[in-house]
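A look at the structure
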Amino acid sequence: MLFMNVAAKYYPYVIASGGSTSGNTSMSNVLSMASELMSWVITQMAAILTFITGNTLILVFFIMTICGFAVGFLMRIWRSVG
């Protein structure tokens, strides 16, 4: 669903680019679209982190997942070295 929102927002710009150097395809427009996309991504990440930290049960499961990933990663490194 999230991908569809991003695709629907930026699809007209991609189609309009067509390889020409007119209006919609100037470097400043491309950079402004890229900065808008990055700010949107950062905003969505902040909203997800706010949701996770606002709900205790989800926060506990999130922390357990991160710890499990770290332990698994370190065990894999430990076994490959020794």
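Residues numbered from 1 in each chain as written. Predicted model: local features only at pLDDT ≥ 70, side-chain atom pairs only at ≥ 80, totals over all residues. Heavy atoms only, no water.

**What to know about the overall build of the chain**
Regarding its fold elements, the chain presents three helices and zero strands. When the helices and strands of the chain are listed from N to C terminus, the series reads α-α-α. With 82 residues in all, the chain has 6% of them scored as buried. Accessible surface, the chain: about 7000 Å² in total, of which carbon and sulfur atoms supply 75%. (Helix = DSSP H or I, 4+ residues; strand = E, 2+ residues; numbered from the N terminus. Buried < 20%, exposed > 50% of the residue type's maximum accessible area, 1.4 Å probe, protein only. Areas by Shrake-Rupley, 256 points an atom, 1.4 Å probe, with all protein chains shown as cover.)

**Considerations on the packing of helix 2 (residues 27-54) against helix 3 (residues 56-81)**
Direction vectors running N to C along helix 2 and helix 3 enclose 105°, while the axes themselves pass 5 Å from each other. By the criterion of interaxial angle, the relationship of helix 2 to helix 3 is roughly perpendicular. Along the contact surface, helix 2 presents Phe-51, Ile-52, Thr-53 and Gly-54, while helix 3 presents Thr-56, Ile-58, Leu-59 and Phe-62. Residues that form the contact of helix 2 with helix 3 fall into these classes: five nonpolar, three polar and no charged. (Axes fitted to C-alpha atoms, helices over the stretch in contact; angles between N-to-C directions. Parallel < 35°, antiparallel > 145°, perpendicular 65-115°, else oblique. Contact = heavy atoms within 4.5 Å. Nonpolar A, V, L, I, M, F, W, Y, C, P; charged D, E, K, R; others polar.)

**Overview of a nonpolar patch on the surface**
Residues Phe-69, Phe-73, Leu-74, Ile-77 and Val-81 make up a contiguous nonpolar surface patch of roughly 560 Å² in combined accessible area. Tracing the backbone through its elements, the reader meets Phe-69 in helix 3. A relative accessible area of 58% places Phe-69 in the exposed class. (Patch = residues over 30% accessible without salt bridge, like charges linked within 9 Å, V, L, I, M, F, W, Y side chains within 5 Å. Salt bridge = Lys/Arg side-chain N within 4 Å of Asp/Glu carboxyl O.)

**A word on the confidence of the model for the chain**
Mean pLDDT over the chain stands at 84; residues scoring 70 or higher make up 71%. The least confident element of the chain is helix 1 (residues 2-17), whose mean pLDDT is 64; the most confident is helix 3, at 96. (pLDDT = per-residue confidence, 0-100.)

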